[in-house]
Amino acid sequence: MTTEEAEELLSIATETLGQVTRGQAEVIAVRQQQELTRFAGNVIHQNVAESSLQLRVRVIDDSRVGVAQVRGEVADGPLRVVQAAEQARSLSGRSDPSPLPSPDGVADSPAAYSVATTNTSPEDRAGIAAAVVDAATRQRLEAFGSVSTRTTRTAIVNSNGVRRHAASTQASVITVMRGRSGAGYAAGHSPDITGIDANAVGVEAADTCARNQDATAIDPGEYEVVLTPYAVTDMVEHLAWMGFSALAKQERRSFMHPGSRMMSETVSISDDPADPGSFPFPFDQEGVSSRRVVAIDHGVCAGFLYDTPSARRDGVASTGHSLPQPNTFGPYARHLVMDAGGASPDDLVAAVKRGLFVTRLWYVRDVHPLRTIITGMTREGTFLIENGKIGRAVRDLRFTQSIVDALNDVRGISRERKLALGEDESGVLTPWLHLGRFAFTS
Amino acid sequence: MSRLIVHQTHLLYSPAVRDLAERALDTAAAAGARYADCRVVNRSVQELTVKNGEVALVELNEDTGAGVRVIVDGAWGFAGIDRLDAAGIDDAAALAVRIARASARLHPEPVHLAPASPAQGAYRTPVERDPFAVSLEDKLDVLLRTDAAMSSVAGITVREASLEFVKEEKYFASTEGARIAQTILESGGGFDATATSDDEVQTRSFPNSFGRHQVCAGWEAIEQFDLPGNGQRIAEEAVALLTADLCPSGRMTVILDGTQAALQVHESCGHPTELDRVLGSEAAYAGMSFLTPDLLGTFAYGSDKVTMTADATRPGGLGTFGWDDEGVAAQRVVLVDRGLFSGYMSSRETAMAIGGESNGAMRADSWCRIPLIRMTNVNLEPGDSSLEEMIATTERGVFLETNRSWSIDDRRLNFQFGTQNGWEIADGKRVRLVRNALYRGVTPEFWRSCDAVAGPREWRMWGVVNCGKGEPAQVMHVGHGAAPCRFQNVQVEPAS
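Residues numbered from 1 in each chain as written. Chains lettered and ligands numbered in written order. Predicted model: local features only at pLDDT ≥ 70, side-chain atom pairs only at ≥ 80, totals over all residues. Heavy atoms only, no water.

**Details of the overall build of chain B**
Let me state the cut-off plainly: Helix and strand definitions follow DSSP, with helices as H or I runs of at least four residues and strands as E runs of at least two, each counted in order from the N terminus. Only C-alpha atoms enter the radius of gyration; for comparison, a globular chain is expected to reach 2.2 Å times N to the power 0.38, where N is the number of residues. For each residue, the accessible area found with a 1.4 Å probe, counting protein chains only, is set against the maximum for its type, and the residue is called buried under 20%, exposed over 50%, and partly exposed in between. Every residue pair with non-hydrogen atoms within 4.5 Å of one another is taken to be in contact. Note that accessible areas follow from Shrake-Rupley with a 1.4 Å probe, and for residues the cover is restricted to the protein chains shown. A positive count includes Lys and Arg, and a negative count includes Asp and Glu. His and the chain ends are not counted in either. Working definition for charges: the position is that of NZ of Lys, CZ of Arg, CG of Asp or CD of Glu.
Within chain B, the regular secondary structure consists of 10 helices and 24 strands. Here the C-alpha radius of gyration of chain B, 24 Å, is about what a compact globule of 496 residues would show, namely 23 Å. Based on the C-alpha atoms only, the size of chain B along its principal axes is roughly 70 × 60 × 40 Å. Counting over 496 residues, chain B shows a buried share of 68%. Across chain B, every contact between residues at least 6 apart in sequence was considered, and the portion connecting residues at least 24 apart equals 76%. Put simply, chain B shows about 15,800 Å² of open surface, and 49% of that area lies on carbon and sulfur atoms. Averaging the positions of the 47 positive and the 67 negative side-chain charges in chain B gives two centres separated by 2 Å.

As structure tokens, this is what we get:
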């Protein structure tokens, strides 16, 4: 983010804050540009770009809170959004609103930002798509997927003197390659589009696709599994949703029991907004500096994520994990990281006598959050492992499995990790895992 | 009653908006587009939430912008912009053309659109009482009374009630001559009551899960929901579920309530009959479909009790409109006719692949996103049974209410659903409340086992407000008319 761009967005936020006539207020200004080139059957079939400016105002006075949000650049936008927020506040009921945070004095650490990502042209994206398609056509496969770039500039100011701004970028190359009777998946994500090797993504998907042909059925049941980071990402994300939030703990719906060992000692999971392997970002949606929180420390439930309201209830400081306030969802993890182990992915496979190699999970949903039970399907690359070697392709299976139980029987963790996107499109950095038991139900 | 400042009215009737759309088309055509369309959209949303007796959120949102879609050199391009002035619209049109030219580098066969008569007209959701004309005080009063009703039940740890109102005004113009103004109004509301113990969390929702039930209607819909009048009953059910027995396990008869039947239709009929999925547009994301074109007109999707339609003309559904976002008139399409797979939802481009015309299912969730084939109101047409009759004629089974979890594979075959409430049925009677029910199956086998659907008296239009599809992701509001229905020999088990 150039200084001029930062000043312009801060200026808009400050101007908006200046329109507030009474009480305290917070303004979040977000300018976003997003581009996405989509291909199917080796052809670009959708190709889009969008840009917008969004202003969100929270006004607090007389124990009442009002919020308004406007997206769309109009001349009187700052005034309109403030008037709407003040109107919402005046008509709202009295409550015990969470106060606005004050400046925490922490200097902004760098956000994940790449000029190259911001400047990626439609022609560049078509070229990247062509590189993936080339990898498919070399093996007589069809490529489906997308090349996307996003630049987000955020400014947050409030009446207590909070004044934060950051620019971030996110780039992705995703593909599914389809052959005669099966498919393969691969993806690359980075703040920097030049950090993604489109050809390598294509080659990986083509390799998986080539091996995932003529899949045969296998009986449901419990199997040892080796999961790629694409699959581990889904597990870690759902685990966070089901229990890392302090609000979930306060409402007695979290599986986490502080101080209890619930998983294998090799399992450590944190939310680390500064990890350079993910998409670092320095502050949350209240302008509070985001800190690393270790949720699972060597298998032990260690900590919770806080925003200002949940921190106030527990008499602690916010960890900087707030969504836009007020909300009823609670603190949110956007930078999940699972610690690496010492093995290679091949080592993990070599340790399995009979089990399944799972490339990817699909349509994962919570079944019983307190027991961390999820269900979902395998997709685009499920293989039988026999005597330490990946063998024939097997048809996709449904699993219904407690994540805590699965992570309480970890036989191996790779040292190599991969950045994947969760369902909410936040970055999740995870290794390959070898698990002793995983329940496939149909 | 205070006028809500954030909501601009009569956007569509502004000559400036129409001029901008014309300018977008002219700019695109001059730059080489052989087809272009422009949508100018203003979307206003009111959200109100009461949690545990306090007003947790009063939020007023407004979203305004324009999207320009073009075909240049035989390929698609699209740009969305929120700067609604001449320079902004020129930029969007020029960018869309540039993007299309880039697409053409990897698009050897030109896009062809099925013919459509260029429509000119206006549509507005019929309402008895405009929800934006009802005061926020009255709306909060409904929520606070609902909260009070839940709070009368000991053992409830979290109470949350919410309302949402949407007004979407959009103007569509195309180089083929379409000029369409539409105003869509939605009203939604619902509540959740959560009870917890050391080893169990149980939530009951009303009228539907996912936070609320929503329809294209006015304030009268909220009054019909009667949220306060159901608060105590639903809260009592949540508490009772904490100590209820686990759902029985095995193959048995399953009866679904209307809300769960609606979601079953959504996942196992709605998505697989989207023709863009069938043709591979979503293969890298949402997946494809088991309902391939070679099965059209020959495949036994379900029993003869099963007729499903995609009906954008049915009043009250979240997929009810005048024209879709390509300017094609709202239609009723038979997807499954007495068990036989009979049709798809289509667009002008995909209709060419099966030799037909678009049946008007292209919808975008915003000005900044392209229209995709989306469900309109995908309905399970009413049968001739009733819930009471279905239970009375069931020897062993479960009656399942209100979705709790949902998952289906990427071809829409292998599914598993969980529900909040379950009632064990034995010898024609409800014998006990059961918790943590799951059922699973394979789509055609499941629908072929359907032996009863309740009649029009119990048929109701439900709303799904979280239907995801596309990249960048779009979240669409879709409707599903459904009634309780019964299935035989289904695998049931508890989540434990």
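Still more ground to cover, so stick around.
**Looking at the environment of Arg18(B)**
Residues and elements named next belong to chain B. With respect to the secondary-structure elements, Arg-18 resides in helix α1 (residues 15–30). By relative accessible area, Arg-18 is classed as partly exposed at 31%. In this structure the C-alpha to C-alpha distance between Arg-18 and Phe-191, which are 173 residues apart in sequence, comes to 41 Å.

**Quick notes on the interface of chain B and chain A**
Formally: By convention, the term buried area covers the 1.4 Å-probe accessible surface removed from two parts as they join, with the contributions of both added. A pair is scored as a salt bridge if a Lys or Arg side-chain nitrogen falls within 4 Å of a carboxyl oxygen belonging to Asp or Glu. For this analysis, a polar contact is any N or O atom pair within 3.5 Å, provided that within protein one partner can donate a hydrogen and the other can accept it, and provided that sequence-adjacent residues contribute only side-chain to side-chain pairs. Side-chain classes follow a simple rule in which Ala, Val, Leu, Ile, Met, Phe, Trp, Tyr, Cys and Pro form the nonpolar group, Asp, Glu, Lys and Arg form the charged group, and the remainder, Gly included, forms the polar group. Pairing between two strands requires that DSSP report at least two bridges joining them.
Each side of the interface is counted separately: chain B has 85 residues, and chain A has 74 residues. When residues of chain B are sorted by the area they lose upon contact with chain A, Asp82(B), Leu106(B) and Glu471(B) head the list and together hold 10% of the total. Our enumeration of links across chain B and chain A arrives at 11 salt bridges. Taking the shortest distance from any N to any O, the salt bridge between Arg38(A) and Glu471(B) comes out at 3.0 Å. At the junction of chain B and chain A, the tally comes to 46 residue pairs in polar contact (both at pLDDT 80 or more). At 11 residues, strand β2 (residues 54–72) of chain B tops the list of elements feeding residues into the side of chain B that touches chain A. Its residues assigned to classes, the side of chain B that touches chain A comprises 37 nonpolar, 23 polar and 25 charged. Pairing between strand β3 (residues 64–71) of chain A and β2(B): 5 bridges, direction parallel. Within β2(B), the position partnered with Gln69(A) by the bridge is Asn61(B).

**Brief notes about helix α4 (residues 122–138) of chain A**
Turn by turn, an α-helix covers 3.6 residues, leaving residues three or four places apart pointing in a common direction. Stated formally: Multiplying one less than the number of residues by 1.5 Å gives the expected span of a helix.
For α4(A), which comprises 17 residues, the first-to-last C-alpha distance of 24 Å matches the rise-based estimate of 24 Å (1.5 Å per residue) to within 8%. Residues of α4(A) that are buried include every one of Pro122(A), Arg125(A), Ala126(A), Ile128(A), Ala129(A), Val132(A), Val133(A), Ala135(A) and Ala136(A), and no others. Buried positions along α4(A) lie against β1 (24–40), β2 (43–61), β4 (142–158), β5 (163–178) and α5 (198–211) of chain A together with α2 (86–104) of chain B. The positive-phi residue at the C-terminal boundary of α4(A) is Arg140(A), with phi of around 55°.

**As for the domain arrangement of chain A**
All names here are of chain A. Rule in force here: Domain start and end points were adopted from an automatic or database domain assignment.
When its domains are assigned, chain A resolves into domain 1 (3–211) and domain 2 (221–440). Across the contact, 41 residues belong to domain 1 and 31 residues belong to domain 2. Both faces combined, the contact of domain 1 with domain 2 buries some 2,900 Å², and carbon together with sulfur accounts for 58% of it. Of all residues in domain 1, Tyr-185, His-189 and Arg-211 bury the most surface against domain 2, accounting for 20% of the area lost on that side. Our count for the domain 1 to domain 2 interface comes out at 4 salt bridges. Between Arg-312 and Asp-96 there is a salt bridge; the shortest N-O distance is 3.0 Å. Secondary structure elements with two or more residues in the side of domain 1 that touches domain 2: β1, β2, β3, β4, β5, β6 (183–190) and α5. Looking at the side of domain 1 that touches domain 2 element by element, the count peaks at 8 residues for β5. Residue composition of the side of domain 1 that touches domain 2, by class: 19 nonpolar, 12 polar and 10 charged.

**Quick look at the pairing of strand β7 (residues 201–206) of chain B**
All names here are of chain B. Summarising burial for β7: 5 of the 6 residues are buried, a large majority. In terms of strand pairing, strand β6 (residues 179–196) meets β7 through 6 bridges, oriented antiparallel. In the strand pairing of β7, Asp-192 is matched with Ser-205.

**Remarks on the nonpolar core**
To keep things clear, this is the line we draw: Only buried Ala, Val, Leu, Ile, Met, Phe, Trp, Tyr and Cys residues count toward a nonpolar core, and they belong to the same one when joined by side-chain atoms within 4.5 Å.
The biggest cluster of nonpolar side chains holds 58 residues, and the ones touching the most others in it are Leu256(B), Tyr301(B), Met308(B), Tyr439(B) and Trp447(B). If one sorts the elements of this core by residue count, helix α6 (residues 258–270) of chain B sits on top with 5 residues. Excluding anything up to four places from it in sequence, Leu256(B) contacts Ala261(B), Gln264(B), Phe399(B), Leu400(B), Tyr439(B), Phe446(B), Pro484(B), Cys485(B) and Phe487(B). Counting residues in each nonpolar core, the second largest holds 56 residues, with Val81(A), Ala161(B), Phe191(B) and Val215(B) among its members.

**Observations regarding the packing of α4(A) against α2(B)**
Two numbers describe a pair of packed helices, the interaxial angle and the distance between the axes. For clarity, the threshold we go by: Whenever a helix is involved, its axis is fitted only over the stretch in contact; in every case the axis is a line through C-alpha atoms, and angles between N-to-C directions fall within 0 to 180 degrees. An angle counts as roughly parallel when it lies under 35 degrees, as roughly antiparallel when it exceeds 145, as roughly perpendicular when it falls between 65 and 115, and as oblique in every other case. When the near helix sits turned anticlockwise from the far one by under a right angle, the crossing is termed left-handed; a clockwise turn instead gives a right-handed crossing.
α2(B) packs onto α4(A) with a crossing angle of 25° between their chain directions and a minimal axis gap of 9 Å. Judged by the inter-axis angle, α4(A) sits roughly parallel to α2(B). With respect to the hand of their crossing, α4(A) and α2(B) are arranged in right-handed fashion. Every residue of α2(B) that contacts α4(A) at Pro122(A), Glu123(A), Arg125(A) and Ala126(A) is listed here: Arg98(B), Ile99(B) and Ala102(B). Partitioning the contact of α4(A) with α2(B) into residue classes produces 4 nonpolar, no polar and 3 charged.

**A closer look at the sheet that holds strand β13 (residues 340–341) of chain B**
Residue and element names in this part refer to chain B. The sheet built from 4 strands is open, its strands ordered β13-β12-β11-β16 with antiparallel pairing. The open sheet terminates on both sides in strands that have one partner only, identified here as β13 and β16 (378–380). Here strand β11 (residues 308–311) pairs with strand β12 (residues 332–337) via 4 bridges, running antiparallel. For Ala-310, the partnering residue across the bridge sits in β12 and is Val-333. On the sheet, α6 packs against β11, β12 and β16 and is oriented at approximately 115° with respect to β16.

**Overview of the packing of aromatic side chains**
When we look at a pair of aromatic rings, we describe it by the centre distance and by the angle of the planes. Short version of the rule: Note on aromatic pairs: the rings of Phe, Tyr and Trp (six-membered ring only in Trp) are paired at centre separations within 6.5 Å, and the planes decide the class, stacked below 30 degrees, edge-to-face beyond 60, tilted for the rest. In this scheme, the term charge over a ring applies when either NZ of a lysine or CZ of an arginine sits within 6 Å of the ring centre and within 35 degrees of the ring normal.
A full pass over the atoms with the stated rule returns 25 aromatic pairs over all chains. Among the aromatic residues, those joined into a cluster by ring pairs are Phe290(B), Phe299(B), Tyr301(B), Phe415(B), Phe417(B), Tyr439(B), Phe446(B), Trp447(B) and Phe487(B). A cation sits over an aromatic face here: Lys249(A) above Phe304(A), 5.2 Å from the ring centre. Its end group placed over the ring of Trp423(B), Arg430(B) keeps NZ or CZ at 5.3 Å from the ring centre.

**Digging into unusual backbone geometry**
With omega at -10°, the peptide bond leading from Gln325(A) into Pro326(A) counts as cis. Secondary-structure assignment places Pro326(A) in the loop between α8 (308–314) and β11 (335–338). Backbone torsion omega between Phe206(B) and Pro207(B) reads -5°, so that peptide bond is classified as cis. Within the element layout of this structure, Pro207(B) appears in the loop between β7 and β8 (213–215). The backbone of Glu380(A) shows a phi angle near 55°, a positive value even though the residue is not glycine.

**Thoughts on empty space enclosed by the protein**
Residues and elements named next belong to chain B. Keep this limit in mind: Computed over the protein atoms alone on a 1 Å grid, cavities are sets of points where a 1.4 Å probe fits but cannot get out and pockets are open sets with protein on both sides within 12 Å along at least five of seven lines; a residue lines them when it has an atom within 4 Å of a point. Grid points are joined across faces, edges and corners, and a volume is the space filled by probe spheres set on the points.
Inspection of the entire model under this criterion finds 7 cavities of 30 Å³ or more. Put simply, the second largest cavity is a space of about 70 Å³. Around the second largest cavity, the lining residues are Asn-208, Ser-209, Phe-210, Arg-212, Thr-259, Ala-262, Leu-263, Trp-462, Gly-463, Val-464 and Val-465. Broken down by element, the lining of the second largest cavity gets its largest block of residues, 4 residues, from strand β22 (residues 460–469). A per-class count over the lining of the second largest cavity returns 6 nonpolar, 4 polar and 1 charged.

**Observations concerning the pattern of salt bridges**
Residues and elements named next belong to chain A. What the rule picks out here adds up to 64 salt bridges over all chains. Linking Arg-94 and Asp-62 is a salt bridge whose minimum nitrogen-to-oxygen distance equals 2.7 Å. Pair noted here: Arg-94 is in the loop between α2 (77–91) and α3 (115–118) and Asp-62 is in the loop between β2 and β3, with a separation of 32 residues, a long-range link. Residue Arg-94 is classed as exposed on the basis of its relative accessible area of 53%. As a salt-bridge pair, Glu-251 and Arg-253 come within 2.8 Å of each other at their nearest N and O atoms. Judged by its relative accessible area of 12%, Glu-251 falls in the buried class. By relative accessible area, which is 25% here, Arg-253 ends up partly exposed.

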